[in-house]
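# Descriptive structure summary
So you can see what is in the structure, the chains are spelled out below.
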Amino acid sequence: MELSERFEWQGREIAWGRAGVGPAVVFCHGTPFSSLLWRPFADALSRDFTVHLWDMPGYGRSSKRAEHPVDFGVQAEVFTALLAHWGLNRPHVIAHDFGGAVSLRTHLTMGVGYASLMLVDVVAIPPSGSPFFKFVQAHPGVLDQLPAYIHTAIVRTYIQGASHRGLRDDDLDSLVQPWTGQNGQSAFYRQIADYDERFLEENERHLGRIDIPTRIVWGAQDAWIPADIAQRLQGLIPTAELSLVEGAGHLIHHDAPVALMNEIRTWLSHVRDDTG
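I will try to describe carefully the structure that is included in this document. Because the structure is a prediction, the values reported are computed rather than measured.

## Some details on the sheet that holds strand 6 (residues 116-122)
Judged by pairing direction, the sheet is mixed, and its eight strands sit side by side in the order 1-2-4-3-5-6-7-8 without closing on themselves. Each edge of the open sheet is held by one strand with a lone partner, namely strand 1 (5-9) and strand 8 (240-245). Each neighbouring strand pair of the sheet contributes to a mean axis angle of 20°, computed without reference to strand direction. Two elements, strand 2 (residues 12-19) and strand 4 (residues 50-54), share four bridges in a ladder whose sense is antiparallel. Bridge pairing links Trp16 to Trp54 in strand 4.

This is the structure in structure tokens:
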């Protein structure tokens, strides 16, 4: 499934793609990733669902202009506009990492309805941010001046650390590629610099209002966002169910793809039957 379409929004170009037939399912990626993580799962689901993939502005194949903020608030505005552009009414939403905070804000603050929500190893509530994140935020504009080979080595090491089992070289190459070159390098550090935890604090205050079916799926060995955050998140969302996947880290898509696919299929079958 290719992101062959473009949506223009306030000077940004958002790359997106759609395939399949049936109820609408929308995937939201996280950072420093893109819709590439969700592509195999979307392809597999397209026999039974109309699947939608998109790259947030500042990520993947979408525009990465320096003058455009890429914080949670902006991404929620983009997601709201994109859902309206697609003409979707209450889609099923599946989100990973940063995409969790974006999808939650879109629902809680922008008032967009979903049929269901699956949160996979998400950034959703404070505290968040690795020591590397905090270092970049404390030294804005410094690391994007690094020689390209040093920058690439940093990104490779950083992304590799998201996997519990370890990534194959070709998979790692695909995840690192959007962050290379002059535009990619600057965009990588800019999305960290724009990261603002106050949006997570606002989300947390409103999680008790969620009344749609919600499933939390988490890698039990997630070294980026520990599983105790998943358990706390479940306690804050009245409708939430939680599943911990053994042998998987933050990149559960690569660590335990079969288990994740089973979680998604079982969940969507369940909520489709309940919602008709």
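## Examining the nonpolar core
Generally speaking, soluble globular proteins have nonpolar side chains that are buried together. Counting residues in hydrophobic clusters, the biggest one holds 66 residues, and the most contacted among them are Trp54, Phe72, Phe79, Leu119, Ile159, Trp218 and Leu233. If you tally residues by element for this core, the top one is helix 2 (residues 72-86), at eight residues. Those residues in contact with Phe72 that lie beyond four places of it in its chain are Phe98, Ala101, Val102, Arg105, Val123, Tyr195, Asp196, Phe199 and Leu200. By size, the runner-up hydrophobic cluster in this structure holds 26 residues, among which are Val51, Leu53, Met118 and Met261.

## Quick word on the pattern of salt bridges
Applying the stated criterion across every chain yields a total of 11 salt bridges. A salt bridge links Arg198 to Asp196; the nearest nitrogen and oxygen atoms lie 2.7 Å apart. Note on Asp196: relative accessible area 25%, which makes it partly exposed. Among the salt bridges present, the one from Glu263 reaches Arg215, with a minimum N-O distance of 3.3 Å. Highlighted residues: Glu263 in helix 11 (residues 257-275) and Arg215 in strand 7 (residues 214-219), separated in sequence by 48 residues. Neither Glu263 nor Arg215 differs from the other in exposure class; each is buried. Through salt bridges with shared partners, one network takes in Arg168, Asp170 and Asp171.

Calculation notes
Residues numbered from 1 in each chain as written. Predicted model: local features only at pLDDT ≥ 70, side-chain atom pairs only at ≥ 80, totals over all residues. Heavy atoms only, no water. Pairing = 2+ DSSP bridges. Helix = DSSP H or I, 4+ residues; strand = E, 2+ residues; numbered from the N terminus. Axes fitted to C-alpha atoms, helices over the stretch in contact; angles between N-to-C directions. Core = buried A, V, L, I, M, F, W, Y, C linked by side-chain atoms within 4.5 Å. Buried < 20%, exposed > 50% of the residue type's maximum accessible area, 1.4 Å probe, protein only. Contact = heavy atoms within 4.5 Å. Salt bridge = Lys/Arg side-chain N within 4 Å of Asp/Glu carboxyl O.

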